[in-house]
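Close look at the chain arrangement
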Amino acid sequence: MNQEKTVSEAINFRRSVRVYDAEKPIDKHVVRKCLEQASLAPNSSNMQLWEFYHITSKDIITQIIPFCFNQNAAKTAQQLVVFVTRKDLWKKRAAANLGFLDKNFGENNPKSKERNREKVARNYYGKLIPFTYTDFFGILGCLKYIIFSIVGIFRPIYREVRNSDMRIVAHKTCGLAAQNFMISMASVDYDTCPMEGSDTWRVKNVLGLPFGAEINMIVSCGIRKLEGVYGERFRIPFEEVYKEV
């Protein structure tokens, strides 16, 4: 394997590869390392509401291929990674953040001895996060949205408090992790293709995912064949999308 690329080199090397070389296997340990780097992606409130299912079993890949509509990117993949959002784990993740605070500041500190940063963080994960994520069939979310909208008339306020809003937040941050992964793979000359087109319900069933889990994307992995890159890269002229304000 060649020396790792710089960030700029990896970004330029990365393409969505649709056909992989069956004669060139990839090292699952290297892929795992790239997933470790994926977990360092920025994410909302450091809640890390994601899971990464690294599929190396050929039997499981064979089961999933039809659910990716037999795309070449799936059929020729050496390995797959399924990026999953876990908004349903918000209580566990909030508790993990509070545990991290205990480790850094000490447990059961009297309020009078808590540093300002500690107070803010404990209130955030102990009160604000539960208030934001708690819902009951969408009813509480709608009530919170109405209240926050009224308050927002008088001052700036966070407005994305409905269940659907928090779902979008989870998918956005999981997407950031997926991008970290694909750039990390590119840096070591491994190729990927993010596949939006899939029957996510059937893939969830194959992986035994719980009801609250949602598939963000499936990323196929391997080493590209020449015909696996479908033409030159096309982007809208940068001047059309770049707006300096």
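Basis of the calculations
Numbering of residues starts from 1 in each chain and follows the order in which that chain's sequence is written. In keeping with the model being predicted, local features are shown solely for residues with a pLDDT of at least 70 and side-chain atom pairs are shown and tallied solely at 80 or more, while totals for entire chains, interfaces and linings include all residues. Heavy atoms from the whole structure form the basis of all side-chain values; hydrogens and water molecules are not counted. Each aromatic pair joins two rings of Phe, Tyr and Trp (for Trp, the six-membered one) with centres within 6.5 Å, and gets the label stacked for planes under 30 degrees apart, edge-to-face for over 60, and tilted for any other angle. Three exposure classes are used, based on accessible area relative to the maximum for each residue type with a 1.4 Å probe and protein chains only: buried under 20%, partly exposed in between, and exposed over 50%. Any Lys NZ or Arg CZ found within 6 Å of a ring centre and within 35 degrees of that ring's normal is scored as a charge over the ring. By definition, two strands form a pair when at least two bridges between them are found by DSSP. Only DSSP runs of H or I reaching four residues or more are called helices, and only runs of E reaching two or more are called strands; each is numbered from the N terminus. In this analysis an axis means a line fitted to C-alpha atoms, helices contributing only their contacting stretch, and an angle means the value between N-to-C directions, from 0 to 180 degrees. Any two residues having at least one pair of non-hydrogen atoms within 4.5 Å are treated as being in contact.

Digging into the packing of aromatic side chains
- Taken as a whole and assessed by the stated rule, the structure comprises eight aromatic pairs.
- Seen from their ring centres, Phe-238 and Tyr-242 are 5.2 Å apart, and the 20 degrees between their planes marks the pair as stacked.
- Taking relative accessible area as the criterion, Phe-238 reaches 53% and is therefore assigned exposed.
- Put simply, the rings of Trp-50, Phe-52, Phe-83 and Phe-181 pair up and form one aromatic cluster.
- Lying over the aromatic face of Phe-131, Lys-144 brings its terminal NZ or CZ to 5.3 Å of the ring centre.
- Sitting above the plane of the Phe-13 ring, Arg-224 keeps its charged end 4.2 Å from the centroid.

Quick look at the sheet that holds strand β2 (residues 79–85)
- Taken in spatial order, the four strands line up as β1-β2-β4-β3 in an open sheet, and their pairing is antiparallel. Whereas interior strands pair on both sides, the edge strands pair on one side only; in this sheet they are β1 (50–55) and β3 (191–195). Between one strand axis and the next, the sheet turns through 20 degrees on average, direction left out of account.
- Sheet topology places β1 next to β2; six bridges connect them, and they run antiparallel. Within β2, the residue paired with Glu-51 across the bridge is Val-84.
- Here helix α2 (residues 28–38) sits on the sheet in contact with β1 and β2, set at roughly 170 degrees to β1.
- Across the face of the sheet, helix α9 (residues 200–207) comes into contact with β1, β2 and β4 (214–222) while running at roughly 75 degrees to β4.

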